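# Chains, contacts and geometry: an overview
Each chain is listed here by its residues.
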Amino acid sequence: MIISKKKTKGSNKMQQYVVANWKMYLNTRDAHKLSESMAKKMQVAERPLPKLVLCPSFPHLIPVFNNIKGTAISLGAQNCHTENNGPHTGEVGPEQLKDIQAEYVIIGHSERRRHHNESSEEIKRKLEAVIAHGMIPILCVGETIEERRSGKTIKKIEQQLRDETPEEFTPNQLIIAYEPVWSIGTNITPTEKEIEDVHGAIQYELQQLQPNGNLVPILYGGSVHTQNAATILKCSCVHGLLVGRHAINAENLWAVVTAAEE
Ligand code: PGA
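Here goes a summary of the coordinates provided. (Residues numbered from 1 in each chain as written. Predicted model: local features only at pLDDT ≥ 70, side-chain atom pairs only at ≥ 80, totals over all residues. Heavy atoms only, no water.)

The secondary structure content of the protein chain amounts to 10 helices and 8 strands. Taking 18 Å as the expected radius of gyration for a compact globule of 262 residues, we find that the protein chain reaches 17 Å, a close match to that expectation. Taking the principal axes of its C-alpha atoms as reference, the protein chain extends roughly 45 × 45 × 35 Å. By the burial criterion, 54% of the 262 residues in the protein chain qualify as buried. Taking all contacts inside the protein chain whose residues are at least 6 apart in sequence as the whole, residues at least 24 apart take part in 71%. Carbon and sulfur atoms form 48% of the exposed surface of the protein chain, whose accessible area is close to 12,200 Å². (Helix = DSSP H or I, 4+ residues; strand = E, 2+ residues; numbered from the N terminus. Rg over C-alpha atoms; globule rule 2.2 N^0.38 Å. Buried < 20%, exposed > 50% of the residue type's maximum accessible area, 1.4 Å probe, protein only. Contact = heavy atoms within 4.5 Å. Areas by Shrake-Rupley, 256 points an atom, 1.4 Å probe, with all protein chains shown as cover.)

A few words now on the packing of helix 1 (residues 28-43) against helix 10 (residues 250-257). Where helix 1 contacts helix 10, the axes come no closer than 10 Å and their chain directions differ by 35 degrees. The interaxial crossing formed by helix 1 with helix 10 has right-handed handedness. Across from Leu34, Ser37, Met38, Lys41 and Met42 in helix 1, the residues of helix 10 making contact are Ala250, Leu253, Trp254 and Val257. In terms of residue class, the contact of helix 1 with helix 10 is built from 7 nonpolar, 1 polar and 1 charged. (Axes fitted to C-alpha atoms, helices over the stretch in contact; angles between N-to-C directions. Left-handed = near helix turned anticlockwise from the far one by under 90°. Nonpolar A, V, L, I, M, F, W, Y, C, P; charged D, E, K, R; others polar.)

By the element assignment, Val18 lies in strand 1 (residues 17-21). Relative accessible area serves as the criterion here: at 0%, Val18 is assigned to the buried category. C-alpha separation for the pair Val18 and Glu122, spaced 104 residues apart in sequence, amounts to 26 Å. Ignoring sequence-local partners within four residues, the contact set of Val18 consists of Pro50, Lys51, Leu52, Val53, Leu241, Val243, Leu253, Val256 and Val257.

Shown next, in the form of structure tokens:
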């Protein structure tokens, strides 16, 4: 079972985020239509909404940026290399992402850890490279189902945070996303208590690692949809959502963005 950690001073009243991870979905036309639709809706929004970050696949970064520039929506990438340039066929470097106005980069997603063998050491270097270029990495951490069943959830996540965050960081340089591996793409989500326990432990660990570390935003990701978004956003120490499948359709994504109460 998860052991609840001491409460820290971070609060739910921090800036909220909805990060849309479009993974390897959508063609140019659909990415264009979806980002255009989000931009229009955001511009006529009648109340403050979470910060929306759209993370399309690489070919769609520029067309999506052209639709959202000048709006409150930000551009994010799904990965980046540790180096700026060099003989790295098929890779995209942080300078190239900065150059096309990306502000956020998802790092260490479980699909990359699993299918591209990304190590903690590489993930840490990616984080440092993203921060060095003035962008904000969204570090994904989370346990497998075996780790949860054997009571190792918190230990695993603490280790990831210790091994993968830079030696020094300020709260506005980094975002953490708690994504239980067993919840991604499965329609199975942790209970509210389980989410709160892990988020509380992440906040506590971040404070141990860095003064004011408790002010780093912590998002939840894994089978977020229109029906559970509001409930998850109300959990303590949850500052936003990282959304996959339900972020590739305008109606669903907008329902998630507007799920947060004022
Ligand atoms: P999902 O994916 O919302 O489709 O479960 C989330 C993620 O992988 O970030």
